[in-house]
Amino acid sequence: MLKSKTFVKKTRSGGVMKIVREHYLRDDIWCGSEVCTECKQESTALQRDPCMESNLCSYPHYVIPDTNVVLHQIDVLEDQVIRNVIILQTVLAEVRHRSAPIYKRLKDIVHEKEKNFYTFTNEHHRETFIEREPGESANDRNDRAIRVAAKWYSEHLKKSESDTDPLKVVLLTNDQGNKQKAEESGLLVYKCEEYIKSLIGNPELVDRLALSNDDKNDITSSKVLFPEHLPLSRIQAGLKNGTFLQGTFRASRDNYLEATVFVQGEGEESTEVLIQGLQNLNRSVYQDVVAVQLLPRDQWVVPSSVVLQDEGAAKDDNEEEGEEEKELRVSAAEAARKPTGRVVGIIKRNWRPFCGMLNASIIKESTRHLFTPADRRIPRIRIETRQADALAGQRIMVAIDGWPKHSRYPNGHFVRTLGSAGDKETEQQVLLLEHDVPHQAFSQAVLSFLPTMPWEITPEVMVNREDLRSLIVCSVDPPGCTDIDDALHCRELDNGNLEVGVHIADVSHFIRPGNAMDKEAANRGTTVYLCGKRIDMVPELLSSNLCSLRSNVERLAFSCIWEINHEAEILKTRFTKSVIKSKASLTYAEAQMRIDDTTQTDDITKNLRGLNKLAKILKKHRILKGALTLSSLEVRFHIDSETHDPIDLQTKELMETNSMVEEFMLLANISVAQKIFDEFPDCAMLRKHPAPPPSNYDILLKAAKSKAVEIHTDSAKALADSLDVARVDGFPYFNTLLRILATRCMMQAVYFCSGMDSDFHHYGLASPIYTHFTSPIRRYADIIVHRLLAVAIAADKTYPDLMDKQKQSALSNNLNYRHKMSQYAQRASVAFHTQLFFKSRGILNEEGFVLFVRKNAIIVLIPKFGLEGTVFFDSKNKAAPNVVFDEEGPSLTVEQHTFHMFDRVMVTISLDASNIQHQKIRMSLIEPVIPGVSVSAPEVEPLAKKPRLDR
Amino acid sequence: MATVQVSEAEKVYILHGIRDDLRVDGRGCEDYRHMEIETDVVSNTDGSAKVTLGDTAVLVGVKADIGKPRPKVPNEGYVEFFVDCSANATPEFEGRGGEELGTELSNTLYKVFNNKHSVDLKSLCISAGEHCWVLYVDVLLLQCDGNLYDAISVAIKAALFNTKIPRVHISADEEGGKEIELSDDPYDCVRLNVENVPCIVTLCKVGHRHVVDATLQEKACSVASLIISVTHKGTITCTRKVGGGSLDPESIFEMTEAGKRVGKALHAPLMKLLQQEESLGKARQKVGFLG
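Quick caveat, the model's predicted, so the values are computed rather than measured.

This brings us to the overall build of chain A. Across its full length, chain A carries 27 helices and 37 strands. Expressed as a percentage of its 951 residues, the buried residues of chain A come to 52%. Look at the contacts in chain A between residues 6 or more apart in sequence, and 67% of them connect residues 24 or more apart. Carbon together with sulfur atoms contributes 50% to the accessible area of chain A, which is approximately 44,300 Å² in total.

A separate point is the nonpolar core. Core analysis: the biggest nonpolar cluster contains 89 residues, and Leu-542, Trp-562, Leu-608, Met-660, Phe-664, Phe-773 and Tyr-780 of chain A have the highest contact counts within it. Per-element accounting of this core gives the leading share, 10 residues, to helix H26 (residues 780-792) of chain A. Residues contacting Phe-773 of chain A, with those up to four places away along its chain left out, are Ile-504, Phe-558, Cys-560, Ala-668, Asn-669, Val-672, Arg-779, Asp-782, Val-785, His-786 and Leu-789 of chain A. Residues Ala-159, Leu-160, Cys-199 and Val-230 of chain B belong to the second largest nonpolar core, which totals 69 residues.

Before going further, it helps to spend a moment on the interface of chain B and chain A. Contacts between the two partners involve 22 residues from chain B and, on the opposite side, 19 residues from chain A. When chain B packs against chain A, the two sides together hide about 1,500 Å² of surface, and 52% of this comes from carbon and sulfur. The three residues of chain B that bury the most area against chain A are Leu-182, Pro-186 and Tyr-187 of chain B, which together make up 29% of that side's buried surface. Counting across the chain B and chain A interface gives zero salt bridges. On inspection of chain B and its partner chain A, the count reaches two residue pairs in polar contact (both at pLDDT 80 or more).

Now for the environment of Gln-394 of chain A. Looking at where Gln-394 of chain A falls in the secondary structure, it is placed in strand E16 (residues 394-402). Excluding anything up to four places from it in sequence, Gln-394 of chain A contacts Gly-356, Met-357, Thr-417, Gly-419, Ser-420 and Ala-421 of chain A.

Attention shifts here to the sheet that holds strand E17 (residues 411-420) of chain A. Residues and elements named next belong to chain A. Read once around its circumference, the closed barrel built from five strands follows the order E13-E14-E15-E17-E16, with strand pairing classed as mixed. In this sheet, adjacent strand axes meet at a mean angle of 55° when their direction is disregarded. Seen against the sheet, helix H14 (residues 424-434) touches strand E13 (354-359), E16 and E17 and runs at an angle of roughly 135° to E17.

Right, let's talk about the pattern of salt bridges for a bit. One pass over the structure, following the stated rule, counts 46 salt bridges over all chains. Notably, a salt bridge pairs Glu-499 of chain A with Arg-491 of chain A, separated by 2.9 Å at the nearest N-O pair. Among the salt bridges present, the one from Asp-145 of chain B reaches Arg-33 of chain B, with a minimum N-O distance of 3.1 Å. On the criterion of sequence distance, the pair formed by Asp-145 of chain B in the loop between strand E6 (131-143) and helix H3 (148-162) and Arg-33 of chain B in the loop between helix H1 (8-19) and strand E1 (35-39) is long-range, its members being 112 residues apart.

Residues and elements named next belong to chain A. When strand E8 (residues 244-251) meets strand E11 (residues 289-294), the two strands line up antiparallel, connected through five bridges. Bridged to Gly-247 within E11 is Val-290. With six bridges joining them, E11 and strand E12 (residues 340-348) adopt antiparallel strand pairing. Across the sheet, residue Gln-293 finds its bridge partner in E12, namely Arg-342.

Among the secondary structure elements, Thr-713 of chain A is positioned in the loop between helix H23 (698-706) and helix H24 (716-725). Setting aside chain neighbours within four positions, we find Thr-713 of chain A in contact with Tyr-697, Leu-701 and Leu-719 of chain A.

A complete count under the given rule lists nine aromatic pairs over all chains for this structure. Relative to Phe-760 of chain A, the ring of Phe-752 of chain A lies with its centre 5.4 Å away and its plane at 45°, an arrangement referred to as tilted. Classification of Phe-752 of chain A as buried rests on a relative accessible area of 6%. Using a relative accessible area of 13% as the deciding quantity, one classes Phe-760 of chain A as buried. Through pairs of rings, three or more aromatic residues link up here, namely Phe-120, Trp-152 and Tyr-153 of chain A. The residue whose ring lies beneath Arg-250 of chain A is Phe-262 of chain A, and the NZ or CZ to ring-centre distance is 4.4 Å. Geometry around Phe-161 of chain B places Arg-191 of chain B over its ring, the cationic atom sitting 5.7 Å from the centre.

What follows deals with the pairing of strand E32 (residues 867-872) of chain A. Residues and elements named next belong to chain A. Here E32 shows a clear split, with Leu-867, Gly-869 and Val-871 buried on one side and none of Glu-868, Thr-870 and Phe-872 buried on the other. Across six bridges, the pairing between strand E31 (residues 857-862) and E32 is antiparallel. In the sheet register, Leu-861 faces E32, and the bridge partner there is Glu-868. Where E31 folds back onto E32 in an antiparallel hairpin, the turn is made up of four residues, including Gly-866, whose phi is positive at roughly 60°.

So, on to the confidence of the model for chain A. On average, residues of chain A score 80 in pLDDT, and 86% of them are at 70 or above. Segment residues 316-323 of chain A is flagged for pLDDT under 50; beyond a separation of four residues in sequence, or across chains, it makes 14 contacts in the model.

All names here are of chain A. With respect to topology, five strands assemble into an open sheet ordered E32-E31-E30-E36-E37, the strand pairing being antiparallel. Of all strands in the sheet, those with a lone pairing partner are E32 and strand E37 (920-927), marking the two edges. Here the average twist between neighbouring strands, direction ignored, is 45°. Two elements, strand E30 (residues 844-853) and strand E36 (residues 904-912), share six bridges in a ladder whose sense is antiparallel. Considered in E36, the bridge of Leu-844 is made with Ile-909. Each of E30, E31 and E32 touches helix H25 (residues 734-745); the most contacted strand, E30, lies at about 50° to it.

For the rest of this paragraph, the subject is helix H2 (residues 99-113) of chain B. Residue and element names in this part refer to chain B. If you check H2, its first and last C-alpha atoms are 21 Å apart, about what 15 residues at 1.5 Å a residue would give, namely 21 Å. Taken together, the buried positions of H2 are Leu-101, Gly-102, Leu-105, Ser-106, Thr-108, Leu-109, Val-112 and Phe-113. Angular distribution of buried residues about the axis of H2 spans 160°; they occupy a single face of the element. Those residues of H2 that are exposed and aimed more than 90 degrees away from the buried face are Glu-100 and Lys-111. Residues of H2 that are buried make contact with strand E4 (78-85), E6, H3, strand E11 (199-206), strand E13 (224-230) and strand E14 (236-242).

Residue and element names in this part refer to chain A. Every buried residue of helix H18 (residues 516-524) is accounted for by Met-517, Asp-518, Ala-521, Ala-522 and Arg-524. The buried side chains of H18 occupy one side of the element, clustering within an arc of 165° when seen end-on. On its buried face, H18 sits against helix H15 (444-447), helix H17 (507-510), strand E23 (533-535), helix H19 (540-546), H26 and helix H27 (805-841). Two or three places before Met-517, at the start of H18, stands the capping residue Asn-515, its side-chain oxygen 3.0 Å from that residue's backbone nitrogen. Looking one or two places after H18, you find Gly-525, whose phi comes out positive at around 75°.

The next thing to look at is the packing of H2 of chain B against H3 of chain B. Residues and elements named next belong to chain B. Following both chains from N to C, one finds H2 and H3 inclined at 50°, their axes separated by 12 Å at the closest point. Here H2 lies oblique to H3, going by the angle between them. The two elements H2 and H3 meet at a crossing, and its hand is right-handed. Across from Leu-101, Glu-104, Leu-105, Thr-108, Leu-109 and Phe-113 in H2, the residues of H3 making contact are Leu-148, Tyr-149, Ile-152, Ser-153 and Ile-156. Partitioned by chemical class, the residues of the contact of H2 with H3 number eight nonpolar, two polar and one charged.

Rules behind the numbers
Residue numbering note: each chain is counted from 1, following its sequence as written. Written order decides the labels, with chains lettered from A and ligands numbered from 1. Reporting in this predicted model follows two pLDDT cut-offs: at least 70 for local features of residues, and 80 or more for side-chain atom pairs to be given and counted; totals over whole chains, interfaces and linings ignore these cut-offs and use all residues. Side-chain metrics in this entry use all non-hydrogen atoms of the structure; hydrogen atoms and water are not considered. The numbering of helices and of strands both runs from the N terminus, where a helix is a DSSP run of H or I of at least 4 residues and a strand a run of E of at least 2. Exposure categories follow from relative accessible area, calculated using a 1.4 Å probe and restricted to protein chains: below 20% of the type maximum is buried, above 50% is exposed, and the middle band is partly exposed. Note on definitions: a residue-residue contact is assigned when non-hydrogen atoms from the two residues lie within 4.5 Å. Using a 1.4 Å probe, the Shrake-Rupley method yields the accessible areas, and only the shown protein chains count as cover for residues. Here, nonpolar core refers to any group of buried Ala, Val, Leu, Ile, Met, Phe, Trp, Tyr and Cys residues whose side-chain atoms link them within 4.5 Å. In short, buried area is how much 1.4 Å probe accessible area vanishes from two parts on joining, totalled over both. Salt bridge, as applied in this entry: a Lys or Arg side-chain nitrogen positioned within 4 Å of an Asp or Glu carboxyl oxygen. Under the rule applied, a polar contact is a pair of N or O atoms within 3.5 Å (in protein, one hydrogen donor and one hydrogen acceptor; residues adjacent in sequence only if both atoms are side-chain atoms). Two strands qualify as a pair provided that DSSP identifies no fewer than 2 bridges between them. Here, axes are lines fitted to C-alpha atoms. For helices the fit covers the stretch in contact, and angles between N-to-C directions go from 0 to 180 degrees. Think of it this way: a Phe, Tyr or Trp ring, Trp meaning its six-membered ring, pairs with another when their centres are within 6.5 Å, and the plane angle makes it stacked under 30 degrees, edge-to-face over 60, tilted otherwise. The rule is short: NZ of Lys or CZ of Arg within 6 Å of the ring centre and within 35 degrees of the ring normal puts a charge over the ring. What pLDDT conveys is the predictor's confidence in a given residue, as a value from 0 to 100. Under the convention used throughout, the expected extent of a helix is 1.5 Å for every residue step, that is, one less than its residue count. Directions are taken from the helix axis to each C-beta atom, and the arc is the one they span. Just so you know how the angles are binned, under 35 degrees is roughly parallel, over 145 roughly antiparallel, 65 to 115 roughly perpendicular, and the rest oblique. The hand of a helix crossing depends on one turn: near helix anticlockwise from the far one by less than a right angle means left-handed, and clockwise means right-handed. Amino acid classes used here: Ala, Val, Leu, Ile, Met, Phe, Trp, Tyr, Cys and Pro are nonpolar; Asp, Glu, Lys and Arg are charged; the rest, including Gly, are polar.

Here's what the structure looks like:
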């Protein structure tokens, strides 16, 4: 039967188009139930006796949710308890239209066999199709379609009734009008909340219910806390005429009452608008796209340097927030003021489920609790749960449902638990989730592109490939490294010059463009190294075996070979795909020992000595050109082999061989960058490091000045030179501190596509062009560079995406994002292990240096552990000491003592486990002694007595 | 135009018949042939109608689109005509054969219909000087068996009656920028007032008398014909002489009077019929082109 659907649409040019679609109805759409004898279906999804223990519907029944139930309660539907559900096509289509992620989740549920979900194409069924009637809105029509389908089901199932109880269908809807109409037509209909609450067997499901509008009323007082958000049409008009600005909302980590909105301008012009105070933040959550309105110039403020955390019991909605906000307002010089604004509307929410912990309410019986996300930039969320006791101490995920204007906190609902807090597995998962690191096991589709084992080198592989198996190649890596992606060789040529080769694992040979493995690797972007765990970018077979240039096995490589004279001048460069057979896999320490041990004269050692000599010259050249030597403290944990708990911690030591390998990698990267840029000026993937704006150096200059040292920041060279001479007598650590500080002034290095940018300079390395070529196992950018280089030397074929600068550019953006996130995850992992370490070590007294001075705190660096911590001077339970902050110094005067940057202090370090929400390292001042502020040095417990931490 | 060969004897027979008010097919001089009308036959137009008159068949579709009003009449919309002489109708239309006739027909239709006395053009205005509805009236000749004008005019009137123009709202923001918003309800539309839309009556001078709705044979016997467009009140909105011969003033007067009479009588049953069909709504069995 043919029907037609008609609707009118506005075209882009402003015209009006009438669109008519033919719509065919069928009589062979089956109901999908096992009970049915009428339908000639091949397989059924809905079970004969669906058992859902409900005290509202004690009979066997199927459930039909309406669109809004699916949209809001998808978390509940995903639960294993909810089975035998009929998803109508009308619902599916509406969900698809309204929310793509929820649609995907719904599709996933439907595909899951055990869930017994059935999609009924009611829109094409002869008996359930309805046409829109005059005066009926699209929503009303859909509601009616759902009711008609539900009615059809209940009648249909009655017909095919067997000897057992008749099956019924239950319609779930939260719409009062719809419910009433359904009841009138004799359907079984319940509100979603009613129904879920009636599932007596599974009370925990209630927690996963999202709060719907009518529930909110009783939660909050009627007082309006926030200004209303403007409707989208007004926002758009405002954006058009320039009264509003659109930008991404970035909450401050340190201060929950402050945020910036990053407004992307045209070209390079992008500005940041400061937002201060709850009212002005107006319910924005980190990463939302918001519209802001600039305040008049006289209301502009400076970013406060107060560290402020939203802590403690739930604040009453009515409570005046004034006090904390008042602290923020400081009179400041006109020049220091930043453009300040207020959020007038939300353009796009970017809510995702957040990891964190429950902050149980003080009242025991209460079902409303606050949830504290692990990410400090996310506000606390109010959720409703009856299992607060069970959830205490657990890491859980919570999704935000909404933020009404009269509520201090957003409302949300519980999604799932990740495990108990402090547990290593759980914590690791939390930080992977929080940093958006894809960490699932590789899918079957990805694994299907792996080469079959046993793998060997075939003649086809040898086409376009040089046989370098005879060369004395060796690799130098950190201990325990299984993904070796680089190896080196050095030999003397007949003409007296040296031939140096850098051999990089030929990953692009195994990962072909466009297949599932390639796409997965491109999405992951980088391998993430956590303490004691590695999240691979490519499957392990490749990363630790076939691509890893292990000793004494034949491996495919991409080689970069130079002819170099003894002054380390490059005479010739060539690139080739090759086969190598590494003679030794050394650690940095082993390599160093061989070089230093004069008795050893084997080929490998000679090789290493030659390389080392050249590397020293190369480094000197580089530093002369103005490359920066910066410093950041990296720590290494000694991990207990059985419990995998950290037992000791030391800062990483750098040896000559580290810099030897680094030097040749830099050389290879620069050579390759030049080659691919010459060959493909429009689509080479390069890496740049922009020079920081001069204002970034302010803090460094001030700090240096306070110690009467002068730092020049006009150029990288000036900076490097002035850092080299910056010394203070009797303070050997000063130089390192300065370098740490200088590192923080730097910009982030980024990947980019050469066709999209004109500034290629790498500031830190003082190189006009740079890329990443040397670690294709753990970085996707290198794979792209390999492919480009292979095409350039005619060793491989090209493909369209490789030459498309738009796609390259989009890829670089993803890689930059993943790279950044992996660094954050790494840091978070170190921080967590540091906590574990201090948990096991108890209280320690250590020497540290003041790294930054804040308005109410100092940030102290403990060089021994590479640990940074904050010492607060105003704690809530004590009378605040007299604190004076001087921005120019910068210095902070507490009572009589004045703290400057780089001051030496003694602190006691302990793990603050009192607040299970966020365990943190607590530092308190021991020296200098300030009465009422510092504490007396506690006894340090001997290590041996301390039992290993409980797991 | 399709022509038929008529022999002298046939001519005399037809002439004598008409003189005695009896035509070859048994009609009187002011009678129409059997006429069939069906509206809403093309679903992707905003209004359509199919009319058969004897063996003449025409299909009219109306599309409404948003355009800019003509500068001289900023508060009125306008109507445009296009006549497609399909080679289906007669093999003579093949290639560009029908172009001349098509242009002639559409020019005439433009004169007859595109004025505010025939169609309520003011109601087509959306915002004065900026937006208005433009009605594109496409006429497709399916079969020619004489008296095209009358059949087309009836079909146009029926199609305009059937036309549903989507309702639009103009939302103005504070800055005065205007945005046209469409209603998302397909039933939410405006109907045109077709009361004043005229019908064309073609009178053929055959011998000393004149006939309406001439067949091709009668046409072959005629020297000239007069096209008269008449509204339901009997107001003549347009007259035009077609054909090679000449008409004396007296017979023009007579023919005009007759046209007025016939035209006036044509409107009432047409409107009744259209309203009847409309009232059936969805329950109406569609006939379409094969029925």
